[in-house]
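Structural description and commentary
The lines below spell out each chain.
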Amino acid sequence: MKNISERDAKHVWHPLTQHKLHPRMLGITKAKGALLFDESGKEYIDGISSWYTSVYGHCNDYILEKVYQQMQQLDQVVFSGFTHEPAVKLSEELIKILPANQEKLFFSDNGSTATEIGIKMALQYHFNKGHKRNVLLAFEDAFHGDTFGAMSVSGLSVYNGPFEDFFIEVKRIPPPSKENLKEVLALLHTYVTAGNIAGFIYEPLVQGAAAMQMHDAEGLGEILRILKEHDVVTIADEVMTGFGKTGTHFASDQIETKPDIICLSKALTAGLIPMAITSCTQEVYDAFYSDDIAKGLFHGHTYTANPLACTAALAGLELLQSKEIQDNIARIIQSHQAFDARIKNHPKVARTRQTGIIYALDLNIEIERYGNLRDKLMQHFMDKGIFLRPLGNTIYITAPYIVSEDQLEQIYSAIESVFDIV
Ligand SMILES: *Cc1c(COP(=O)(O)O)cnc(C)c1O
């Protein structure tokens, strides 16, 4: 039998991949804690928690046990007309920690569907109220997923050329900083006074796919406050930032004005089973609540609120709120700060930034987002047993909360070793 990597190329089409340029995938056979193992037995520290999902560590025994128990009780059932304990319990537990204005949860499967649903809620909210509003507002360089609504609001649509003619109309504002706030608010003013903006979707505090660009919490709060005055539905895309990464349970906890809608996925189920939730306020929900069946939200996915995924999410919530995980988050924040002090003045480092456990640095050279040099950089890390995915000249760390100090140090020194080769 040939190895996984060789057999892969025959029938498998990978995401975000030009197969002619990248013919070979690495076969991964096992994951535990902060480690991934490839088919030759080599191990790698998962420096990005497998795209910000496995934050409590891979194959976490506590979560596995809970899901295994649930598996023997109820595996899957239609969620239209039926309900079940894992979904109801998850709604009770999640509402306790979400911003206080959130009341209702709509389940789906992944981050893109979570934002797609948020966008549909905002558009239909106005439609149901008889408002004519058909434009969305979003940040420059935003990323909200790969379905049509999500692609439309994503500013980072470098490879979305074939689809652009089919997009929803979107206006864009730059993310706020202390320096540009006045201009951003002026631009915002011209857009909202046109009266046709239905909703504003944003990644609060950190724009992940834009290479961990971070913006000003107060400025964002001011933008949200103005939008609320104009009855624009605000949608926080916390698919990446949710569940502790920014140092609080949600990035929205750090901003005074709370969103009307919140999109959750990725770490929601701790990296075990795909699931997403779009939460909203009572006010949003009430715009759909009617004797008229057509005013309902006619959106549904087959695996909605899968009981196993809900169980994984519940176990994840317990871990998130445990002293052990909260202590770990505080420890990682401090370690990153110490690392930052160590490297920020290095001549090869142009800029560094940190929000919670998310740490990023820009190298002092130009690198294409998915170009050759970037691939070499990634390979350099892999050779050293560290899985990081640089974006252009940005190297970022979003390691699992259970990463050890020794493992963090290995990530840091691998990054420092790059300074000698670029
Ligand atoms: C990953 C991501 C998405 C898309 O989620 P998928 O599960 O990959 O569809 C949407 N928004 C943000 C902020 C993300 O990081």
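An unreviewed UniProt entry lists the protein chain under the name Adenosylmethionine-8-amino-7-oxononanoate aminotransferase, with Sediminicola luteus given as the organism. What UniProt states about the protein chain under its Subunit (unreviewed entry) heading is, verbatim, "Homodimer." What the UniProt record of the protein chain gives under Function (unreviewed entry) is the line "Catalyzes the transfer of the alpha-amino group from S-adenosyl-L-methionine (SAM) to 7-keto-8-aminopelargonic acid (KAPA) to form 7,8-diaminopelargonic acid (DAPA). It is the only aminotransferase known to utilize SAM as an amino donor."

Notes on the packing of helix α12 (residues 372-383) against helix α13 (residues 405-419)
Direction vectors running N to C along α12 and α13 enclose 135 degrees, while the axes themselves pass 10 Å from each other. On the basis of the axis angle, α12 is oblique to α13. As α12 runs across α13, the sense of the crossing is right-handed. Residue-level contacts link Leu377, His380 and Phe381 of α12 to Ala414, Ile415, Ser417 and Val418 of α13.

A short note on the sheet that holds strand β2 (residues 35-38)
Strand order in the open sheet formed by four strands is β1-β2-β3-β15, and the pairing between neighbours is mixed. Of all strands in the sheet, those with a lone pairing partner are β1 (28-32) and β15 (386-387), marking the two edges. In terms of strand pairing, β2 meets strand β3 (residues 43-46) through three bridges, oriented antiparallel. What sits directly across from Phe37, in β3, is Glu43.

What about helix α3 (residues 61-71)?
Among the residues of α3, those classed as buried are Ile63, Val67 and Gln70. On an axial view of α3, the arc spanned by its buried residues comes to 55 degrees, and they lie on one face. Facing away from the buried surface of α3 by more than 90 degrees, the exposed residues are Asp61 and Tyr68. Tucked inside the fold, the buried residues of α3 contact α4 (85-97) and α10 (307-320). A distance of 3.0 Å separates the backbone nitrogen of Tyr62 from a side-chain oxygen at the start of α3, and that oxygen is part of Asn60.

Observations concerning the pattern of salt bridges
Throughout the structure, instances matching the rule amount to 15 salt bridges. Glu93 serves as the salt-bridge partner of Lys96, at 3.1 Å between the closest nitrogen and oxygen. Taken as a pair, Lys96 and Glu93 lie in helix α4 at a separation of three residues, close to a single helical turn. One salt bridge connects Glu409 with Arg342, and the closest N-O pair in it is separated by 3.0 Å.

Some remarks on the environment of Ile95
Within the fold, Ile95 resides in helix α4. Note: C-alpha distance between Ile95 and Cys263 (168 residues apart in sequence) is 13 Å. In this structure, Ile95 is in contact with Gln102, Glu103, Lys104 and Leu105, ignoring residues within four places of it in sequence.

Overview of the packing of α4 against α10
Put simply, α4 and α10 touch, their axes get as near as 9 Å, and they point 30 degrees apart. On the basis of the axis angle, α4 is roughly parallel to α10. In the packing of α4 onto α10, the handedness of the crossing is left-handed. Taking contact as the criterion, the partners of Pro86, Ala87, Lys89, Leu90, Glu93, Leu94 and Ile97 in α4 are, on α10, Pro307, Cys310, Thr311, Ala313, Leu314, Leu317 and Leu320. A class-by-class count of the residues in the contact of α4 with α10 yields eleven nonpolar, one polar and two charged.

Each value, and the rule that gives it
- Residues numbered from 1 in each chain as written.
- Predicted model: local features only at pLDDT ≥ 70, side-chain atom pairs only at ≥ 80, totals over all residues.
- Heavy atoms only, no water.
- UniProt positions renumbered as here; feature names shortened; annotations may be inferred.
- Axes fitted to C-alpha atoms, helices over the stretch in contact; angles between N-to-C directions.
- Helix = DSSP H or I, 4+ residues; strand = E, 2+ residues; numbered from the N terminus.
- Parallel < 35°, antiparallel > 145°, perpendicular 65-115°, else oblique.
- Left-handed = near helix turned anticlockwise from the far one by under 90°.
- Contact = heavy atoms within 4.5 Å.
- Pairing = 2+ DSSP bridges.
- Buried < 20%, exposed > 50% of the residue type's maximum accessible area, 1.4 Å probe, protein only.
- Arc of directions from axis to C-beta.
- Polar contact = N/O pair within 3.5 Å; in protein donor to acceptor, adjacent residues only side chain to side chain.
- Salt bridge = Lys/Arg side-chain N within 4 Å of Asp/Glu carboxyl O.
- Nonpolar A, V, L, I, M, F, W, Y, C, P; charged D, E, K, R; others polar.

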